[in-house]
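# Understanding the architecture of this molecule
This is what each chain is made of:
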Amino acid sequence: MALDLWESSLQEKASELHGDAWHITITDSIEPDKQASDWFQYISGSFAQFTCSLCKKSWMSKRVLVVFHFHLDTAKEEGTIKLRRFKQKCRRCNEARMEDPNFPVENIDVLIERLVEKIRMRCYKEDLGEKNRPSVFKGIVNGPHETAHCEACRLGVCTQAN
Ligand SMILES: [Zn+2]
Ligand SMILES: [Zn+2]
(Lines give C-alpha, C1' and ligand atoms only; values in the text may rest on other atoms or scores of the structure.)
(Ligands and ions follow the chains in the order given, each with its own letter.)
Protein backbone atom coordinates (compact mmCIF):
# COMPACT_ATOMS: atom_id res chain seq x y z
CA MET A 1 0.00 0.00 0.00
CA ALA A 2 2.63 2.53 1.07
CA LEU A 3 4.94 1.35 -1.66
CA ASP A 4 2.22 1.74 -4.28
CA LEU A 5 2.11 5.49 -3.70
CA TRP A 6 5.82 5.86 -4.33
CA GLU A 7 5.86 3.49 -7.29
CA SER A 8 2.83 5.05 -8.98
CA SER A 9 4.23 8.54 -8.48
CA LEU A 10 7.46 7.34 -10.07
CA GLN A 11 5.65 5.78 -13.03
CA GLU A 12 3.91 9.10 -13.73
CA LYS A 13 7.38 10.45 -14.42
CA ALA A 14 8.46 7.46 -16.53
CA SER A 15 8.50 9.46 -19.76
CA GLU A 16 11.40 11.54 -18.38
CA LEU A 17 13.55 8.46 -17.80
CA HIS A 18 14.76 7.78 -21.34
CA GLY A 19 12.67 4.65 -21.94
CA ASP A 20 14.41 2.66 -19.21
CA ALA A 21 12.34 0.73 -16.65
CA TRP A 22 12.77 2.23 -13.18
CA HIS A 23 11.36 0.72 -10.00
CA ILE A 24 11.43 1.62 -6.35
CA THR A 25 11.89 -0.62 -3.31
CA ILE A 26 11.42 0.34 0.33
CA THR A 27 14.18 -1.01 2.56
CA ASP A 28 15.80 -0.49 5.94
CA SER A 29 19.13 -1.78 4.68
CA ILE A 30 20.64 1.45 3.32
CA GLU A 31 22.34 4.20 5.28
CA PRO A 32 22.98 7.85 4.46
CA ASP A 33 26.29 8.48 2.68
CA LYS A 34 27.00 4.75 2.41
CA GLN A 35 25.77 4.07 -1.10
CA ALA A 36 27.38 1.22 -3.05
CA SER A 37 29.81 2.09 -5.83
CA ASP A 38 28.03 3.10 -9.03
CA TRP A 39 25.06 4.17 -6.95
CA PHE A 40 23.95 7.74 -6.35
CA GLN A 41 22.16 9.30 -3.41
CA TYR A 42 19.40 11.81 -2.85
CA ILE A 43 18.53 12.80 0.73
CA SER A 44 15.54 14.87 1.64
CA GLY A 45 12.83 15.13 4.24
CA SER A 46 9.19 15.89 4.53
CA PHE A 47 6.32 16.32 6.87
CA ALA A 48 4.78 12.96 7.81
CA GLN A 49 2.39 11.37 10.26
CA PHE A 50 2.97 8.33 12.45
CA THR A 51 0.50 6.05 14.20
CA CYS A 52 1.41 3.81 17.13
CA SER A 53 0.35 0.24 16.42
CA LEU A 54 -0.23 -0.37 20.14
CA CYS A 55 -2.24 2.61 21.42
CA LYS A 56 -3.30 3.95 18.01
CA LYS A 57 -2.20 7.46 18.94
CA SER A 58 -1.01 9.56 16.01
CA TRP A 59 1.59 12.29 15.92
CA MET A 60 3.14 14.48 13.28
CA SER A 61 6.70 15.31 12.46
CA LYS A 62 7.75 18.24 10.33
CA ARG A 63 10.79 16.76 8.62
CA VAL A 64 11.10 13.01 8.42
CA LEU A 65 14.32 11.94 6.76
CA VAL A 66 14.09 9.99 3.50
CA VAL A 67 17.12 8.55 1.73
CA PHE A 68 17.15 7.34 -1.87
CA HIS A 69 19.97 5.32 -3.40
CA PHE A 70 19.63 4.84 -7.16
CA HIS A 71 21.46 2.99 -9.90
CA LEU A 72 21.05 2.56 -13.66
CA ASP A 73 22.03 -0.73 -15.28
CA THR A 74 22.59 0.52 -18.81
CA ALA A 75 22.98 -2.97 -20.30
CA LYS A 76 19.64 -4.15 -18.94
CA GLU A 77 18.02 -0.70 -19.41
CA GLU A 78 16.78 -0.99 -15.84
CA GLY A 79 16.97 1.44 -12.99
CA THR A 80 16.72 0.52 -9.32
CA ILE A 81 15.81 2.91 -6.52
CA LYS A 82 16.10 1.98 -2.86
CA LEU A 83 14.17 4.13 -0.44
CA ARG A 84 14.58 4.28 3.30
CA ARG A 85 12.06 6.23 5.36
CA PHE A 86 13.21 6.86 8.90
CA LYS A 87 10.94 5.66 11.66
CA GLN A 88 9.78 6.99 14.99
CA LYS A 89 8.17 5.37 17.99
CA CYS A 90 5.42 6.35 20.35
CA ARG A 91 6.55 8.13 23.49
CA ARG A 92 3.68 6.85 25.62
CA CYS A 93 4.08 3.09 25.17
CA ASN A 94 6.91 1.31 26.95
CA GLU A 95 7.00 -1.49 24.42
CA ALA A 96 6.55 0.85 21.45
CA ARG A 97 7.78 -0.27 18.08
CA MET A 98 9.48 1.87 15.48
CA GLU A 99 6.66 2.90 13.14
CA ASP A 100 6.80 3.76 9.44
CA PRO A 101 5.90 7.34 8.50
CA ASN A 102 2.88 8.15 6.35
CA PHE A 103 3.58 10.98 3.95
CA PRO A 104 0.87 13.07 2.27
CA VAL A 105 0.62 11.97 -1.35
CA GLU A 106 1.38 15.53 -2.47
CA ASN A 107 4.72 15.35 -0.66
CA ILE A 108 5.52 11.97 -2.17
CA ASP A 109 5.00 13.57 -5.58
CA VAL A 110 7.38 16.41 -4.72
CA LEU A 111 10.04 14.03 -3.44
CA ILE A 112 9.74 11.87 -6.56
CA GLU A 113 9.87 14.95 -8.80
CA ARG A 114 13.14 16.02 -7.19
CA LEU A 115 14.49 12.46 -7.27
CA VAL A 116 13.78 12.20 -11.01
CA GLU A 117 15.71 15.45 -11.54
CA LYS A 118 18.68 13.89 -9.74
CA ILE A 119 18.41 10.71 -11.82
CA ARG A 120 18.36 12.72 -15.06
CA MET A 121 21.45 14.67 -14.01
CA ARG A 122 23.45 11.78 -12.51
CA CYS A 123 22.50 8.75 -14.63
CA TYR A 124 21.72 10.47 -17.95
CA LYS A 125 24.12 13.42 -17.64
CA GLU A 126 21.40 15.91 -18.46
CA ASP A 127 22.22 19.52 -17.76
CA LEU A 128 19.09 20.82 -16.06
CA GLY A 129 20.79 23.95 -14.81
CA GLU A 130 19.54 25.73 -11.74
CA LYS A 131 15.83 25.22 -11.95
CA ASN A 132 13.56 27.20 -9.73
CA ARG A 133 11.43 24.99 -7.58
CA PRO A 134 7.73 25.68 -7.90
CA SER A 135 6.73 22.60 -5.91
CA VAL A 136 6.63 22.99 -2.17
CA PHE A 137 5.87 20.57 0.58
CA LYS A 138 2.59 20.55 2.38
CA GLY A 139 2.23 20.55 6.14
CA ILE A 140 3.94 22.60 8.80
CA VAL A 141 4.13 21.49 12.42
CA ASN A 142 5.67 23.34 15.28
CA GLY A 143 6.82 21.91 18.56
CA PRO A 144 9.76 20.07 20.03
CA HIS A 145 11.29 17.12 18.24
CA GLU A 146 11.33 13.87 20.23
CA THR A 147 14.92 12.83 19.61
CA ALA A 148 14.73 9.82 21.94
CA HIS A 149 11.99 8.33 19.76
CA CYS A 150 13.49 9.08 16.37
CA GLU A 151 15.47 6.51 14.39
CA ALA A 152 17.35 9.17 12.42
CA CYS A 153 18.48 10.87 15.65
CA ARG A 154 19.86 7.56 16.90
CA LEU A 155 21.98 7.27 13.80
CA GLY A 156 23.05 10.90 14.07
CA VAL A 157 21.57 11.82 10.68
CA CYS A 158 18.38 13.60 11.71
CA THR A 159 17.76 17.00 10.15
CA GLN A 160 15.29 18.20 12.73
CA ALA A 161 17.28 17.59 15.88
CA ASN A 162 17.91 20.79 17.83
ZN1 LIG B 1 1.61 4.10 21.72
ZN1 LIG C 1 15.24 13.06 14.87
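Quantities reported herein were computed from a predicted structural model and do not represent experimental measurements.

### So, the overall build of the chain
Secondary structure summary: the chain contains 3 helices and 6 strands in total. Taken from N to C terminus, the helices and strands of the chain fall in the order α-β-β-β-β-β-β-α-α. The buried share of the chain, taken over its 162 residues, is 28%. In the chain, once contacts between residues fewer than 6 apart in sequence are set aside, the share between residues at least 24 apart is 65%.

### Comments concerning the pairing of strand S4 (residues 78-85)
Look at any regular strand and the pattern is simple: side chains alternate between the two faces of the sheet. Along S4, 6 of the 8 residues are buried, which leaves the element largely enclosed by surrounding structure. Pairing between strand S1 (residues 21-26) and S4: 6 bridges, direction parallel. From the neighbouring strand, Thr 25 faces S4, where its bridge partner is Lys 82. Judged from the 8 bridges that link them, strand S3 (residues 58-73) and S4 form a sheet pairing that is antiparallel. When the sheet's bridge partners are listed, Asp 73 is paired in S4 with Glu 78. Hairpin connection from S3 to S4: 4 residues lie between these consecutive antiparallel strands, with Glu 77 at a positive phi of about 55°.

### Notes on helix H2 (residues 105-122)
Helix length check: H2, at 18 residues, gives a terminal C-alpha distance of 25 Å against a target of 26 Å (1.5 Å per residue), a fit within 8%. Of the positions making up H2, those classed as buried are Asn 107, Ile 108, Asp 109, Val 110, Leu 111, Ile 112, Leu 115, Val 116 and Ile 119.

### Topic: the nonpolar core
Val 66, Phe 68, Ile 112 and Leu 115 are the most contacted members of the largest nonpolar core, which totals 26 residues. Put simply, the parts of the chain that give this core at least two residues each are helix H1 (2-12), S1, strand S2 (40-51), S3, S4 and H2. Ranked by the residues each element gives to this core, the list is headed by H2, at 7 residues. Ignoring any residue separated from it by four or fewer positions in sequence, one finds Leu 115 in contact with Tyr 42 and Phe 68.

### Some words on the environment of Ile 24
Note on placement: Ile 24 falls in strand S1. Overall, Ile 24 belongs to the buried group, with 21 C-beta atoms counted inside 10 Å. Linking Ile 24 and Ile 81, residues 57 residues apart in sequence, is a C-alpha distance of 4.6 Å. Those residues in contact with Ile 24 that sit more than four places away from it in its chain are Trp 6, Glu 7, Leu 10, Ile 81 and Leu 83.

### Quick look at the sheet that holds S1
Taking strand neighbours across the sheet as the criterion, the 4 strands line up as S1-S4-S3-S2 in an open arrangement whose pairing is mixed. At either margin of the open sheet sits one strand with a lone partner, and together these are S1 and S2. Between one strand and the next, the sheet's axes are offset by a mean angle of 25°, whatever the strand orientation. Strands in contact with H2 are S2 and S3; relative to S2, the strand with the most contacts, it is inclined by about 175°.

### Here's the deal with the confidence of the model for the chain
When pLDDT drops low, the exact placement of atoms in the prediction is not to be read closely. Predicted confidence across the chain gives a mean pLDDT of 90, with 89% of residues reaching 70 or more. Per-element confidence in the chain is highest for S4, whose mean pLDDT is 98, and lowest for helix H3 (residues 151-154), whose mean pLDDT is 90.

### Quick notes on unusual backbone geometry
Residue Asp 33 is not a glycine yet carries a positive backbone phi of 65°. Within the element layout of this structure, Asp 33 appears in the loop between S1 and S2. Residue Lys 125 is not a glycine yet carries a positive backbone phi of 55°. Note on placement: Lys 125 falls in the loop between H2 and H3. A residue is classified by how many C-beta atoms lie within 10 Å of it, and Lys 125, with 7 of them, is exposed.

The rules behind each value
Residues numbered from 1 in each chain as written. Chains lettered and ligands numbered in written order. Predicted model: local features only at pLDDT ≥ 70, side-chain atom pairs only at ≥ 80, totals over all residues. Helix = DSSP H or I, 4+ residues; strand = E, 2+ residues; numbered from the N terminus. Buried ≥ 20, exposed ≤ 12 C-beta atoms within 10 Å, placed from the backbone. Contact = placed C-beta atoms within 7 Å. Pairing = 2+ DSSP bridges. Expected span 1.5 Å × (residues − 1). Core = buried A, V, L, I, M, F, W, Y, C linked by C-beta atoms within 7 Å. Axes fitted to C-alpha atoms, helices over the stretch in contact; angles between N-to-C directions. pLDDT = per-residue confidence, 0-100.

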